[in-house]
Amino acid sequence: QVQVVESGGGLVQPGGSLRLSCAASRSISSIYVMGWYRQAPGKQRELVAIIINGGSTTYADSVKGRFTLSRDNAKNTVDLQMNSLTLEDTAVYYCYARIIGAPENWGQGTQVTVSS
């Protein structure tokens, strides 16, 4: 099992940037998949970006070219750099982690609000 804790949410104007960070309770080199999902009011939770250990990164079409997912093995963190934010990016953002053969792990969520 792994525990993940998010940080970095907040209020930003359209066109602005935010950086979210997800800290894992164990070495992320042992975690198969990590990334971010989000859930806007009245909508289902959706994938934002995930990275597979030793593999590729997948982005939702709606964030491609604006968001960048990166991992820091030394800090055991996975960060989401969000640029050119729009009103549609407003949501609670959840960190996700999965170890092979173990249940999924979710953070408590961090609110991102894009508003003028």
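Here is what the cut-offs are and how they apply
Residues numbered from 1 in each chain as written. Predicted model: local features only at pLDDT ≥ 70, side-chain atom pairs only at ≥ 80, totals over all residues. Heavy atoms only, no water. Buried < 20%, exposed > 50% of the residue type's maximum accessible area, 1.4 Å probe, protein only. Helix = DSSP H or I, 4+ residues; strand = E, 2+ residues; numbered from the N terminus. Pairing = 2+ DSSP bridges. Salt bridge = Lys/Arg side-chain N within 4 Å of Asp/Glu carboxyl O.

Draft legend 1. Fine view of the pairing of strand 4 (residues 33-39). Burial analysis of strand 4 places 6 of its 7 residues in the buried class, the great majority of the element. Strand direction decides the pairing type here: strand 4 and strand 5 (residues 46-52), joined by 6 bridges, are antiparallel. Along strand 5, the bridge assignment pairs Gly35 with Ile50. The turn joining strand 4 and strand 5, which pair antiparallel and follow one another in sequence, is formed by 6 residues; a positive phi near 75° is taken by Gly42. Sheet analysis places strand 4 next to strand 9 (residues 91-98), joined by 7 bridges and oriented antiparallel. Note on strand 9: the bridge partner recorded for Val33 is Arg98.

Draft legend 2. Up close: the pattern of salt bridges. Evaluated as defined, the whole model comprises 5 salt bridges. For Arg38, the salt bridge is made with Asp89, and the minimal N-O distance between the two is 2.9 Å. Separated by 51 residues along the polypeptide, Arg38 in strand 4 and Asp89 in the loop between strand 8 (77-82) and strand 9 bring together distant segments of the chain. Of the two residues examined, Arg38 and Asp89, each falls in the buried class. Notably, a salt bridge pairs Arg66 with Asp89, separated by 2.8 Å at the nearest N-O pair. With Arg66 in the loop between strand 6 (57-59) and strand 7 (67-72) and Asp89 in the loop between strand 8 and strand 9, this pair connects stretches of sequence that are 23 residues apart. On the basis of relative accessible area, Arg66 is assigned to the buried category, the value being 15%. Judged by its relative accessible area of 1%, Asp89 is buried. Residues participating in the shared-partner salt-bridge network are Arg38, Glu46, Arg66 and Asp89.

The quantities given are spatial measurements derived from coordinates; they are silent on function.
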